[in-house]
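What follows is each chain in one-letter form.
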There are 2 protein chains.
Amino acid sequence: MDTALDRAVRVFCERGYHATSIGDLTAAMRLATGSVYKAFRDKQAVFLAAFDRYAAVRREQTRSAAARGSSGRERVRHMLLSYVAHSQGIEGRRGCIVVGGAVELAALDPEVRARVNAQIETNEAFIAGLIREGQADGSIPRHVDADDTARLMICITQGMRVVGKARLPLDGERLVGVAMKLLA
Amino acid sequence: MDTALDRAVRVFCERGYHATSIGDLTAAMRLATGSVYKAFRDKQAVFLAAFDRYAAVRREQTRSAAARGSSGRERVRHMLLSYVAHSQGIEGRRGCIVVGGAVELAALDPEVRARVNAQIETNEAFIAGLIREGQADGSIPRHVDADDTARLMICITQGMRVVGKARLPLDGERLVGVAMKLLA
DNA sequence: TTTATTAGGAAACAATCATTCCCTATTGTC
DNA sequence: GACAATAGGGAATGATTGTTTCCTAATAAA
């Protein structure tokens, strides 16, 4: 069932919510219609489950990417580089469920909006934490406002997913090189 | 007809493409089904026309916001402030057709993808131009890479639309204050 | 072995979708 | 004033949607 949910994640990522029919879902999950409705209340429930799964996986990937850095500053850099990588190529084209949910559903579906907000705020707090670590270890100046900078970096990462979905190329080293000025 | 198209823009902005039915469209445009299909080939044609109209209006708004600045640097600042303003409140909740088109349709619809790309690249070139103006008038250092910085700023602006759609508050002065470090 | 419970599958359901067709005013032309 | 042309409106249509229902096969308990 978890593997079926992973397949649902892929479909929702690349087609979004409304363009994904139950037929698309059953084909991707390799389950019959009845089986899907036995496991989930309705289509939205499948989406919410897929959202949660996607969010958990991405959180872990982002955290482990950041962990590759040896200072707070380097951890921010690796986190941004990881985001560029995920926004590009085949995965970039596939897209991000959080961004998709925000754009397609957040306006009208309070349940989705709550999850999108929670995910964004968690990420933002994580980035602010990295910045504070950097200030503690001396790799990031004290005068940098951790919260404001984190929120701007959230905009950057979410924006990269939009640009990546449109298949515009992103040069990781150059883009992140510029973004690191925010920690000056 | 132009006023009807403006109303179509609003609906497509807040509901997206697939969640907008012809019924929603006719109700918003105050036109009967037959009239819509007399003016446009199909639903996608309505969307493309709405997209073009929205893009033209937003381009003008962004340009006039930038024009309020007296130096290249100040023009970039005003342009970013304008983006924050449009990403917030009722308009932020309504959303951006370009971001919506990118996230919802760019993966599968080449025609929409081409327009999204064109709009993003036009904006990016405009921002790069502002930066070069600032370098010419001495308000922005020469060592700033105009193209890389413009691309990052595109990510910032597109990301702000995503965050704004999720109804998270954005403090314009603080956010732009941090972003202006990119011109240091 | 028998029975109860569950996971999974396919067909049927009503509702909604985008689209087409045809009718009615209104406008401009001769 | 008569007529052609067109813009707009609304009902009808076929396809597709999400959902439900019922059936089969497999598994666990007794």
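Up top is the structure these notes are about.
Quick caveat: nothing in here was measured; it's all calculated off a predicted structure.

Draft legend 1. Local environment of the packing of helix H8 (residues 110-137) of chain A against helix H9 (residues 146-165) of chain A. Residue and element names in this part refer to chain A. At a minimum axis distance of 8 Å, the contact between H8 and H9 shows a crossing angle of 125°. The angle between H8 and H9 places the two elements in the oblique class. Regarding H8 and H9, the two cross each other, and that crossing is right-handed. For the pair formed by H8 and H9, the contact residues are Ile120, Asn123, Glu124, Ile127, Ala128, Ile131 and Arg132 on the first element and Ala146, Asp147, Thr149, Ala150, Arg151, Met153, Ile154 and Gln158 on the second.

Draft legend 2. Expanded view of the protein's contact with DNA strand C. Of all residues adjacent to DNA strand C, which total 13 residues, the nearest are Ser35 and Lys38 of chain A together with Ile22, Tyr37 and Lys43 of chain B. Restricting the count to atoms of DNA strand C within 4 Å of the protein gives a sugar and phosphate share of 50%. Take Lys38 of chain A: an N or O atom from its side chain is 2.7 Å from a base oxygen of DNA strand C. Backbone polar atom of Thr20 of chain B to a phosphate oxygen of DNA strand C: 3.3 Å apart, as the coordinates give it. Secondary-structure elements contributing two or more residues to the surface near DNA strand C are helix H3 (33-39) of chain A together with helix H3 (33-39) of chain B. In the surface near DNA strand C, the residues fall into 4 nonpolar, 6 polar and 3 charged.

Draft legend 3. The arrangement of the environment of Gly23 of chain B in detail. By secondary structure assignment, the location of Gly23 of chain B is in helix H2 (residues 22-29). Sequence separation between Gly23 of chain B and Thr33 of chain B is 10 residues, and the spatial gap between their C-alpha atoms is 7.6 Å.

Draft legend 4. The arrangement of the interface of chain B and chain A in detail. Taken together, the contact between chain B and chain A spans 45 residues of the former and 45 residues of the latter. Both faces combined, the contact of chain B with chain A buries some 4100 Å², and carbon together with sulfur accounts for 69% of it. By the criterion of area lost to chain A, the three top residues of chain B are Val103, Leu168 and Lys181 of chain B, representing 14% of everything that side buries. Taken together, the connections running from chain B to chain A amount to 12 residue pairs in polar contact (both at pLDDT 80 or more). Those elements giving two or more residues to the side of chain B that touches chain A turn out to be helix H1 (2-15), helix H7 (97-104), helix H8 (110-137), helix H9 (146-165) and helix H10 (172-179) of chain B.

Draft legend 5. Representation of the pattern of salt bridges. For the structure on display, the rule yields 22 salt bridges over all chains. Put simply, Arg77 of chain A and Glu74 of chain A hold a salt bridge, and the shortest N to O gap is 3.3 Å. In this pair, Arg77 of chain A and Glu74 of chain A are both assigned in helix H5 (residues 72-86), 3 residues apart and thus about one turn of the helix distant. The shortest N-O distance in the salt bridge between Asp6 of chain B and Arg53 of chain B comes to 2.6 Å. In this pair, Asp6 of chain B is assigned in helix H1 and Arg53 of chain B in helix H4 (residues 43-66), connecting sequence segments 47 residues apart. For Asp6 of chain B, a relative accessible area of 32% puts it in the partly exposed group. Each of the salt bridges in this network shares a partner with another, and the network as a whole consists of Glu74, Arg77 and Glu173 of chain A.

Draft legend 6. Structural context of the protein's contact with DNA strand D. Neighbouring residues of DNA strand D: 13 residues in total, closest Ile22, Tyr37 and Lys43 of chain A together with Ser35 and Lys38 of chain B. In DNA strand D, atoms within 4 Å of the protein come 49% from sugar and phosphate. One of the backbone nitrogen or oxygen atoms of Ala32 of chain B is found 3.2 Å away from a phosphate oxygen of DNA strand D. Counting only elements with at least two residues in the surface near DNA strand D, the list comes to H3 of chain A together with H3 of chain B. Among the elements that make up the surface near DNA strand D, the one with the highest residue count is H3 of chain B (4 residues).

Draft legend 7. View of the packing of aromatic side chains. Residue and element names in this part refer to chain A. Applying the stated criterion across every chain, the model contains 8 aromatic pairs over all chains. For the pair Tyr17 and Phe47, a centre-to-centre distance of 5.3 Å together with 85° between the ring planes defines the contact as edge-to-face. In this pair, Tyr17 is assigned in the loop between helix H1 (2-15) and helix H2 (22-29) and Phe47 in helix H4 (residues 43-66), connecting sequence segments 30 residues apart. Taking the relative accessible area as the measure of exposure, Phe47 reaches 3% and is therefore buried. Here the aromatic cluster, defined as three or more aromatic residues joined through ring pairs, consists of Phe12, Tyr17, Phe47 and Phe51. The positively charged end of Lys43 is found above the aromatic ring belonging to Tyr17, 4.4 Å away from the centroid.

Draft legend 8. Looking closely at the side chain of Asn123 of chain B. All names here are of chain B. Turning to its location among the elements, Asn123 is positioned in helix H8. Classification of Asn123 by relative accessible area gives buried; the value is 8%. Dropping the residues within four chain positions of it, Asn123 is found in contact with Tyr83 and Ile154.

Draft legend 9. The relation of the copies chain B and chain A, seen in detail. Superposing chain B onto chain A takes a rotation of 180° plus a shift of 0.0 Å along the axis, which leaves an RMSD of 0.0 Å. Such a combination of rotation and displacement between the chain copies is what one expects of a two-fold axis. Relative to the rotation axis, the closest C-alpha in chain B is found at Gly159 of chain B, a distance of 1.8 Å. An overlap of 100% is found between the interface residues of chain B and their copies at the interface of chain A, pointing to a shared contact surface.

Conventions we followed
Residues numbered from 1 in each chain as written. Chains lettered and ligands numbered in written order. Predicted model: local features only at pLDDT ≥ 70, side-chain atom pairs only at ≥ 80, totals over all residues. Heavy atoms only, no water. Axes fitted to C-alpha atoms, helices over the stretch in contact; angles between N-to-C directions. Helix = DSSP H or I, 4+ residues; strand = E, 2+ residues; numbered from the N terminus. Parallel < 35°, antiparallel > 145°, perpendicular 65-115°, else oblique. Left-handed = near helix turned anticlockwise from the far one by under 90°. Contact = heavy atoms within 4.5 Å. Near = heavy atom within 4 Å. Polar contact = N/O pair within 3.5 Å; in protein donor to acceptor, adjacent residues only side chain to side chain. Nonpolar A, V, L, I, M, F, W, Y, C, P; charged D, E, K, R; others polar. Buried area = accessible area lost by both parts, 1.4 Å probe. Salt bridge = Lys/Arg side-chain N within 4 Å of Asp/Glu carboxyl O. Buried < 20%, exposed > 50% of the residue type's maximum accessible area, 1.4 Å probe, protein only. Phe/Tyr/Trp six-rings, centres within 6.5 Å; stacked < 30°, edge-to-face > 60°. Lys NZ or Arg CZ within 6 Å of the ring centre and 35° of its normal. Least-squares fit on C-alpha atoms with pLDDT ≥ 70 in both.

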